[in-house]
Amino acid sequence: MKNGTRKVAGVTYQRYLCRPNNSDAAHTLKSYASGSATPEPTPYSPPERCPKHPLSRTVRDGKTKRARGVERQRYRCYPNNGDAEHRFTPVLSRLVVDHGETCPECSRERGVNQGDTNVAHGYKFTTRVVAAALAELADGDSYGSTAVWAKQQMLALTGHTSTRITSSSREKSRQRKNSWRLAADWVETFSPVLFEPWAAAARAEVDEAFAQPTKDRQVVSLLLDDIPVFVKARQGTRQRQRFSVLAASESFIDLDKGQRVTRLRLLRAYPDHSGDAYKLVLAELGYVPDIVMADGGTGIGAAVRWLEKSNPGKPFAVCLSAYHLRQQLRRQLAKLSSEHNFRPGDLEDRLQNWSFSSSSVAWHTWWGDYENRMRAQKIAPSAWPHKWINEVKPRVDAQMPVLDQSRVLPRSTGSLEATLFDIVKPTMNVRGPGFGNLERTNRLLDLMTLRANGVFDNLQTVANALVTDALLHDGFAPPVRSIADVRMVRSLLDETMTERLVKQAGL
Amino acid sequence: MATSKRGRSPKQLHVKGRRLVVVDCETNGLYGDVRILSLAVIELRNGIAADSKLWLVNPGNVPMDPGAIAKNGLTADLLEDASSFDVLVDEVTQWLTAPEGDTLTLIGHKVSFDAHKLAGEYRRLGLTLPPLQLLDTAKLVEAAHVHPERKSLEALLAALGLTNSAPHTALGDTAAAAAAAVELLHRIVEDEKTIDLAAVLDGLCVTYDGETGGSWVVPVEPEVELTDAHRSAHLADLSDGRSRSLALDVCLGEDCAILPTRMEDGIITQAHARQVTTWALASIDADDTLSRATIGRLLRGVGQALRRVEDPEYVLEVYRNELAPYLDWLGPCTPEDACERCANESGTCDFDGVLRRCVDAFVQDKFDPFAKPSKKRASEFLAGYNPKVARKRGRPKEGFYGELRRAGHLDAAGYGIARVADVRRVEGGREWAYRLLRKAWDDGCRTPRLAEMLASMTVVDAVEGGSWGAVPVDPKAPVIEAVSLIDESLASYPNQSSHIFERLDERRNRLTRVRDAAPRVARNPTTTLNVRRPHSTILGRAAMPAKKTAREAAATVVKVAAPRAGSRRAR
């Protein structure tokens, strides 16, 4: 007999009551109501497996919704081992999928068991939204705007959020101010989930290069550089403090691909760019490269000397970047021209087109011409750059034969500088004053490193990594706010921090 | 009219069987032949002021207290054309009568005073005040769990976020009391959605009978046989400096019991307060034969005067020059002490009240209930004491705290420490604040505020046995310790009734419930907890930076600014 109608996901069903003529209990069944449009069959998707009884039959069984929460799909498990049937929510619960709902990414219709997964237990945001938010942060978006964006995404998905879409700039500003913690927590929690496997894989590739037989071994070159970030000490004051972003890029020949790999490997923010700070960077990289290429900075010099001293059996070359070498030579030419009326001729052009650094021979030719012209033009010996000739030129003379042996490797830190100025500096110029927590800033820089290496080009990969990590830990993400600074202290601006960290690491 | 919050249903304040009338009256004084000069009533229906009425009453030829005139502005000339109470009594009676079967409930701030004055007016005409019930706002405050700073109407309005547009006028105060009562009733109803408001009011109201007093204890007014000179002194115009000095001299000579009140009556402006203070202290200096009780009364008056002064520098000056010499002599107050300084309703020593005012003056740049104490002055309060630094050799410099403690005024000393610790606590020095409070506690200060802060920090920061940051072996140990702290404080002030003690009582009850509760068992034992460890960090927990001291910060700056040996700047 008919037993009323029921509307599920926009479709009306006719319910019937069956009273069996045997001893079975009465039960209901349903069919599409006459006159109602028959829904198109949705693509099949298997239901979630019960974590306790993975081989048992499961069916959808209602949904959970807390007072201010988001609807999640629940399931019922009929164990095949005699246990009592029970309801369960998957380890990573899924959003409820309505009939005819399509995927916002690919526009294909979703199966009823293909709702977005929760990023982790206790979170109300989906993995897809969090992955996209991390990509936004890696692009340099602020914590506040990313958090508001994520909340609005959830609003579109579930109709639930405390942040409404508004056109008022004041309201938007208030929302950003009140929400930044959300994105900051995600950086703290999920950045290591993505970065640590990537860093391990990168390290494995370098180790593989080192493990080649000596005759086939490819040279691994490490480029180092840094940029300063100036911030106001306090709101309303003109006093400025600074911290530095140190960058390391590695370059080697990938024999499998048969091409040179040059990638941004590590970005680190420290209160200064001293030798201690660079020591921490080199220690984190964990290997001794064949070539270290950098500008002639004292911090890098101190760290390189420490690396030499602590690895006596592993010699490596320290090269002055061609970019910085050119800068120094140009300065010399300009000084001689202005003070002693020196005419450089084509020396300037050969600096401009980098031909002076193309090989050892080219360098010696350029320098010979330089000296000959100074003599020909009777530049007084006292005006010659003796200090440079005594201190720097021997190093340049020594580095050129080394670079000649691996011509495909970079001779300058130009690529690293370009990365810093394209990726890091625009973000730091705008958001620099907001950074105070050393740990969180470095985790954000890890995201930028991943972005520079194309990890965020495919968000599905990122989402999969987040899901895999959560499933490995019973659906839980690492605890948040375990890196908070002591109140009133900004570890990133604490000038004694690098020294303490070096001491702590025993470097 | 005071404003109240919108958006609430008026129906939720419907009380069946009661006619609610809010009342307030202005009188010609507080003592002697007290007559009503102005009476205002407002009827509340469903939480809305439905009707109101204001009467000006001609009291006839009765003395007018200048202090009362200064407050309410009702002079004999102004009331000359008003009707006397015998003309108005029928109309007033209509307002004070409920329909058949209902009960009239008179609401007001300290409504017993108004009811008693009304009963006096009826009695004078040979009539009887209709039977009614009284509902004091103080009872509503208690039921609504509101904690105003003081018991005054202004403090109550401030606590509720309301304002009084016409203070010290009958209608203005009635409107303010009505708004406060409605707000409090709303809060009572909102706290418990299923509450029966009529039953609540039954529990809060007391029956008042103008003849017998009913269940209400009618306050007894002092019946003093005054000499003619003394009576003239009580009627003297205290707004004039010379007249006030003469009148107060007479009261002092007659050993008048209400001398502190007369001193307070003479204070209208700050200048008056200074003059009264000077007079009282000069009187103490001039006469060596004054009894301890008389000096106690004079100091009560000084306390009242200093409360009116809004200049902390002046208060401190008075303390340094005049009060400090009495610190030792008027040492700790005991219940057996016959100094009559403990005659106020809260039971605390009045001299300690004066010293508290001095402490406020010491730690604050200005007297403002919302102003934070100055950090520099707060540090000077306990000069030479830094809980994190071992004391250097030699005698430390003695701050205000030391002076008070040495003289045994632990109440004022503890009050000051609580204020200083409050500043430190808010500004990030929680450990510092805790050690400070603990030191004061060990010194014997048991003030309720100090106990409240210490108990709170003991529980919140999980301090075990006084050691900061220690994770207790027994999770309930901090709670047990907090309860014992509160118990000790309450035992030190056995007969207290101010709001801070009510708050302390509430906290104690709450903590006791936690202490006695059975261990919490998860409802769903299958629920898994997040046991995942945080990611490895660069800093590590050991290297988390401590807050830099000023000296360390200065050293850092020097380190950065100093040129390296061999550099161009060094050369």
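Before any of the text, the structure's been laid out above.
Heads up: these notes are all about the structure in this document. (Residues numbered from 1 in each chain as written. Chains lettered and ligands numbered in written order. Predicted model: local features only at pLDDT ≥ 70, side-chain atom pairs only at ≥ 80, totals over all residues. Heavy atoms only, no water.)

## A closer look at the overall build of chain A
Right, on to step 1. Counting its regular elements, chain A contains 14 helices and 11 strands.
Right, on to step 2. Counting every position in chain A, which comprises 507 residues, the buried fraction comes to 46%. (Helix = DSSP H or I, 4+ residues; strand = E, 2+ residues; numbered from the N terminus. Buried < 20%, exposed > 50% of the residue type's maximum accessible area, 1.4 Å probe, protein only.)

## What about the nonpolar core?
Across soluble globular proteins, you tend to see nonpolar side chains buried next to one another.
All names here are of chain A.
Right, on to step 1. L134, F243 and L447 are the most contacted members of the largest nonpolar core, which has 90 residues in total.
Right, on to step 2. Sorting elements by how many residues they give to this core places helix α3 (residues 169-210) first, with 12 residues.
Right, on to step 3. Apart from the residues lying within four places of it in its own chain, the contact partners of F243 are I227, P228, V229, V231, A269, Y270, P271, M428, G432, F435, L492 and L493. (Core = buried A, V, L, I, M, F, W, Y, C linked by side-chain atoms within 4.5 Å. Contact = heavy atoms within 4.5 Å.)

## Brief notes about the packing of helix α18 (residues 410-426) of chain B against helix α19 (residues 430-442) of chain B
Residue and element names in this part refer to chain B.
Right, on to step 1. Contact geometry of α18 with α19 gives a least axis separation of 8 Å together with a crossing angle of 165 degrees. The pairing of α18 with α19 is recorded here as roughly antiparallel in orientation. The hand of the α18/α19 crossing is left-handed. Two secondary-structure elements touch here, α18 through I417, A418, V420, A421, R424 and R425 and α19 through R430, W432, A433, L436, L437 and A440.
Right, on to step 2. Of the residues in the contact of α18 with α19, the class split is 9 nonpolar, no polar and 3 charged. (Axes fitted to C-alpha atoms, helices over the stretch in contact; angles between N-to-C directions. Parallel < 35°, antiparallel > 145°, perpendicular 65-115°, else oblique. Left-handed = near helix turned anticlockwise from the far one by under 90°. Nonpolar A, V, L, I, M, F, W, Y, C, P; charged D, E, K, R; others polar.)

## Notes on the packing of α18(B) against helix α20 (residues 448-460) of chain B
All names here are of chain B.
Right, on to step 1. Running from N to C, α18 and α20 cross one another at 40 degrees; their axes reach a closest spacing of 8 Å. Side by side, α18 and α20 meet where G414, I417, A418, A421, D422 and R425 of the first sit next to R449, L450, M453, S456 and M457 of the second.
Right, on to step 2. Partitioning the contact of α18 with α20 into residue classes produces 6 nonpolar, 2 polar and 3 charged.

## Regarding unusual backbone geometry
Right, on to step 1. In this model, A:D474 sits at a positive phi of 55 degrees, which is unusual for a non-glycine residue.
Right, on to step 2. Residue placement: A:D474 occurs in the loop between α13 (459-472) and α14 (497-505).
Right, on to step 3. Not every positive phi belongs to a glycine, and B:K110 is a case in point at roughly 55 degrees.
Right, on to step 4. Assignment of secondary structure puts B:K110 in the loop between β4 (103-108) and α3 (111-124).

## Section: empty space enclosed by the protein
Residue and element names in this part refer to chain A.
Right, on to step 1. This structure, assessed with the given rule, holds 1 cavity of 30 Å³ or more.
Right, on to step 2. Roughly 30 Å³ of internal volume is contained in the largest cavity.
Right, on to step 3. The leading source of residues in the lining of the largest cavity is helix α10 (residues 393-405), at 3 residues. (1 Å grid on protein atoms, 1.4 Å probe; cavity = no way out; pocket = protein on both sides within 12 Å on 5 of 7 lines; lining within 4 Å. Points joined across faces, edges and corners; volume = space filled by probe spheres on them.)

## With respect to the pattern of salt bridges
All names here are of chain B.
Right, on to step 1. Applying the stated criterion to the full structure yields 52 salt bridges over all chains.
Right, on to step 2. Of the charged contacts in the structure, one is a salt bridge between D443 and K439, with a shortest N-O distance of 3.3 Å.
Right, on to step 3. Taking relative accessible area as the criterion, K439 reaches 21% and is therefore assigned partly exposed.
Right, on to step 4. The shortest N-O distance in the salt bridge between D516 and R515 comes to 3.1 Å.
Right, on to step 5. Here D516 falls in the exposed class, since its relative accessible area comes to 53%.
Right, on to step 6. Owing to a relative accessible area of 28%, R515 belongs among the partly exposed residues under this scheme.
Right, on to step 7. Here the salt bridges share partners, and the residues they tie into one network are D422, R449, E452, R503 and R507. (Salt bridge = Lys/Arg side-chain N within 4 Å of Asp/Glu carboxyl O.)

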